[in-house]
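# Structure assessment
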Amino acid sequence: MRNENDEDVFSISAVEELQAANVPEGMDRRAFMMRTAMISGMAVLTGRPVLASTNSPGQDSAPLPVTMSPDLQFVKNAKGPVMTTLEEFYKVGPGPSSSHTIGPMRITYDFYQRCTKLPPDVLAKATGLKVHLFGSLSATGKGHGTERASLAGLVGKEPATVEPAFLDSLVEKPDQTFAVKLGDKSLQLSLKDVIYDAPKGDFPHPNTMTCVLLAGDTVLLEQEYYSVGGGFIEWKGYQPPKKGQPKYPYSTMKELQAHAQKNKLSIAQVGMANEIAVSGKTEAEINAFLDKISTAMVNIVKSGLSMPVGILPGPIKLKTKAGEVYKRAMDDAYVNQRAIGVVSAYALAGSEENARGHLVVTAPTGGSAGVIPALVYVLGEGGRKLPQEKIREGLIAAAVIGYLGKHNATLSGAEGGCQAEIGVASAMGAALIAQAHDFDDQVVANAAESALEHHLGMTCDPVAGYVQVPCIERCAFGAIKSWTAFMIASNEIAVDRRLDFDTTVNAMALTAKEMNSKYKETSEGGLAVSVVLC
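Here's what I pulled together on the structure shown here. Keep in mind that what you see is a predicted model, and the values were worked out from it rather than measured.

Each strand in a sheet pairs with another by means of backbone hydrogen bonds, the pair being arranged parallel or else antiparallel. On the basis of which strands lie adjacent, the open sheet formed by five strands has the order S5-S2-S6-S7-S8 and mixed pairing. Taken across any chain shown, the strands that pair with only one partner, and hence form the sheet edges, are strand S5 (194-196) and strand S8 (232-235). Direction aside, neighbouring strands of the sheet carry axes that sit 25 degrees apart on average. Pairing between strand S2 (residues 128-133) and S5: three bridges, direction parallel. When the sheet's bridge partners are listed, His132 is paired in S5 with Ile195. Running at roughly 150 degrees to strand S7 (residues 218-229), helix H5 (residues 98-116) makes contact with S2, strand S6 (208-215), S7 and S8 of the sheet. Packed on one face of the sheet, helix H8 (residues 146-154) meets S2, S5 and S6 and runs near 145 degrees to S2.

Rendered as structure tokens:
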């Protein structure tokens, strides 16, 4: 029971406690007192004690709980140095989603290849192939074209070479069948062989799927797979391919920068040295791959800009606008506004191509595939016309940021919301711009941190399950934030930045783990349930 003097008693004692309190090292006293007063006030108002963290700024927090199956290789990899290579990271494939389109197509193509290697007497019994989609793949697969991608893989098509017209034909004629040759046996497959199974359950990963070769009701071959984000796939019992050891091993930005500073190297140079060591390729081979990727990105933007205004597939009836935004931006009387409009148009162009289901480059995902191509184009022939060498260095630095996001958090919207896709893409873009302009490792790291920081908490709530609203415009905002982050990082005193990249990646991982599943690519919350489609 409170008496009428309780409030005054609290006020006096609180002030006395605040004045006597020891301020944690590295923290402003006024800020500490205000925070402590707010916590005490909340305790009084709610009648419940509020426990403050005992960690001081700069101290390590407790380890984050693991929500993914510990058997997944990408979870195991987080305990060692970054081992991802450029060819694994930058993948060409059809939109609209790396985890829901490119990943499933790679999975079913892998299963098809496994089936072809079975003994002839086993294949002779085969009567059908089935694919079961679970979790987020089931919840939003329709809007992502997962069933079309899955069927394409089963009939022997790969993401980098599949014709967009083939995928489009499955929308126009969903009942068509395709003959699949397995030994002497020919099976007739259709979209009906891809089954949208349980959207909720205790799955090893939110993007789980199984592929089954059947003889009537008898299982001849079955494999469980996981599309873990960015087009990366794993399966039950997966063992990673053998690789070389990195010349400069790192698992955090702090470790990476230590190598760069000790050896007087840029982040791109550290990335190239490790790429040579891990992949076994020569520098010339790596540069040739980077040129192929940058050319693909440029062509994607050009294609998107050249498309007339039209309506994208699906129930949203969303009109495209990249070309119109570009034309009007170029007519803008204010030069600075023109630049923002042009970069936005480039990003819209790439993202609209993704929404059409045309070929894109995962950077790091399909849903965020408008960000990096826009920046590559504006730094090159579509704007500043930097030398190709600088574009390559920028792409390496961008990949390094993406590696760290994947290694210490996630690139999957189904696991971490849109902060994991657009947020990481924007951070990659900021690093790309900084590196391409020859800034040192601290500026590159600061630019990436700034871009990622201001995407923390962003949800993945695609309307009707389609990668259109809010996804397309988010790519434009992600690209602009990349540039904003670069401008801040390149004009501030680099060593004075309070937050570091590793801290912000850890914050993204924590936010991902605590985020409600409604906002993780399930279309069960946010805009997905607020927008009324007529």
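Another aspect to go through is the pairing of S2. The sheet contact formed by S2 and S6 spans six bridges and is antiparallel. From the neighbouring strand, Leu133 faces S6, where its bridge partner is Met209.

All right, on to the packing of aromatic side chains then. One pass over the full model with this rule turns up 11 aromatic pairs. Pairing Phe89 with Tyr90 gives two aromatic rings, centres 5.3 Å apart and planes at 75 degrees, and the pair type is edge-to-face. Both residues of the pair, Phe89 and Tyr90, belong to the buried class. Considering the side-chain rings of Phe439 and Phe486, the 5.6 Å spacing of their centres and the 75 degrees angle between planes classify their relative orientation as edge-to-face. Remark: Phe486 occurs in helix H20 (residues 471-491) and Phe439 occurs in the loop between helix H18 (422-436) and helix H19 (441-453); sequence separation between them is 47 residues. Phe486 sits in the buried class, given a relative accessible area of 5%. Ring-pair connections join several aromatic residues into one group, and the members of that group are Phe89, Tyr90 and Tyr403. Taking NZ or CZ as reference, Lys91 lies 3.8 Å from the ring centre of Phe232, over its face. Its guanidinium or amino end placed over the ring of Phe232, Lys406 lies 4.5 Å from that ring's centre, counting from NZ or CZ.

Relative to the elements of secondary structure, Thr85 occurs in the loop between helix H3 (73-77) and helix H4 (86-89). For Thr85, a relative accessible area of 9% gives the class buried. With near-sequence residues (within four places) excluded, Thr85 lies in contact with Lys243, Glu275, Val278, Ser279 and Tyr403.

Quick look at the environment of Val228 now. Here Val228 is to be found in strand S7. Among the residues examined, Val228 registers a relative accessible area of 7% and is labelled buried.

Attention shifts here to the pattern of salt bridges. All told, the structure shown has 18 salt bridges when counted by the stated rule. For Lys130, the salt bridge identified is with Asp193, shortest N-O distance 2.8 Å. Here Lys130 is found in strand S2, whereas its partner Asp193 is found in the loop between strand S4 (185-189) and S5, with 63 residues between them in sequence. Ionic contacts of the salt-bridge type, sharing partners, join the residues Glu352, Glu353 and Arg356 into one network.

Here the focus is the pairing of S4. The sheet contact formed by strand S3 (residues 178-182) and S4 spans five bridges and is antiparallel. Bridge pairing in S4 links Val180 to Leu187. The hairpin formed by S3 and S4 contains two residues between the paired strands, and Gly183 there has a positive phi angle of roughly 65 degrees.

With that settled, the discussion passes to a nonpolar patch on the surface. A surface patch of nonpolar side chains, amounting to about 200 Å² of accessible area, comprises Leu527, Val531 and Leu533. Note that Leu527 resides in helix H22 (residues 527-530).

Moving on, we come to the nonpolar core. Taken as a class, soluble globular proteins show a tendency for nonpolar side chains to be buried jointly. One finds Leu86, Tyr90, Met297, Ile372, Leu395 and Met428 to be the most contacted residues of the largest nonpolar core, which totals 95 residues. The leading source of residues in this core is H18, at 11 residues. When near neighbours in sequence (up to four residues on either side) are disregarded, Met297 contacts Tyr90, Val361, Ala363, Ile372, Pro373, Val376 and Leu395. The next biggest cluster of nonpolar side chains, apart from the first, holds 33 residues, and it includes Met105, Leu123, Leu133 and Leu213.

The next thing to look at is the state of the cysteines. One pass over the full model with this rule turns up zero disulfides. For Cys211, which is in no disulfide, the shortest distance to another cysteine sulfur is to Cys115 and amounts to 8.3 Å. Residue Cys211 is classed as buried on the basis of its relative accessible area, which comes to 1%. Free of any disulfide, Cys471 has its nearest neighbouring cysteine sulfur in Cys460, separated by 6.2 Å. Judged by relative accessible area, which is 13%, Cys471 ranks as buried.

Moving on, we get to the packing of H18 against H20. One way to put it is that H18 packs onto H20 with a least axis distance of 8 Å and a crossing angle of 40 degrees. Taken together, the axes of H18 and H20 lie oblique to each other. As H18 packs across H20, the resulting crossing turns out to be right-handed. Here H18 contributes Ile422, Ala425, Ser426, Gly429, Ala430, Ile433 and Ala434 to the contact with H20, which in turn contributes Arg474, Cys475, Gly478, Lys481, Ser482, Trp483, Ala485 and Phe486.

Let's shift gears to the environment of Ile480. You can see Ile480 is positioned in helix H20. Note on Ile480: relative accessible area 21%, which makes it partly exposed. Those residues in contact with Ile480 that sit more than four places away from it in its chain are Ile340, Val343 and Ser344.

This part covers the environment of Leu129. Considering the arrangement of structural elements, one finds Leu129 in strand S2. Separated by 25 residues in sequence, Leu129 and Leu154 have C-alpha atoms that sit 8.2 Å apart. Contact partners of Leu129, with chain neighbours within four places excluded, come to Phe111, Cys115, Leu154, Leu182, Leu187, Leu189, Asp193, Val212 and Leu213.

By the burial criterion, the buried members of helix H9 (residues 164-172) are Phe166, Leu167, Ser169 and Leu170. One face of H9 carries all of its buried residues, which in axial projection span an arc of 155 degrees. More than 90 degrees from the buried face of H9, the exposed residues found are Ala165 and Glu172. As for H9, its buried residues are in contact with strand S1 (92-94), H5, H8 and S3.

Rules and cut-offs
Residues numbered from 1 in each chain as written. Predicted model: local features only at pLDDT ≥ 70, side-chain atom pairs only at ≥ 80, totals over all residues. Heavy atoms only, no water. Pairing = 2+ DSSP bridges. Helix = DSSP H or I, 4+ residues; strand = E, 2+ residues; numbered from the N terminus. Axes fitted to C-alpha atoms, helices over the stretch in contact; angles between N-to-C directions. Contact = heavy atoms within 4.5 Å. Phe/Tyr/Trp six-rings, centres within 6.5 Å; stacked < 30°, edge-to-face > 60°. Buried < 20%, exposed > 50% of the residue type's maximum accessible area, 1.4 Å probe, protein only. Lys NZ or Arg CZ within 6 Å of the ring centre and 35° of its normal. Salt bridge = Lys/Arg side-chain N within 4 Å of Asp/Glu carboxyl O. Patch = residues over 30% accessible without salt bridge, like charges linked within 9 Å, V, L, I, M, F, W, Y side chains within 5 Å. Areas by Shrake-Rupley, 256 points an atom, 1.4 Å probe, with all protein chains shown as cover. Core = buried A, V, L, I, M, F, W, Y, C linked by side-chain atoms within 4.5 Å. Disulfide = S-S within 2.5 Å. Parallel < 35°, antiparallel > 145°, perpendicular 65-115°, else oblique. Left-handed = near helix turned anticlockwise from the far one by under 90°. Arc of directions from axis to C-beta.

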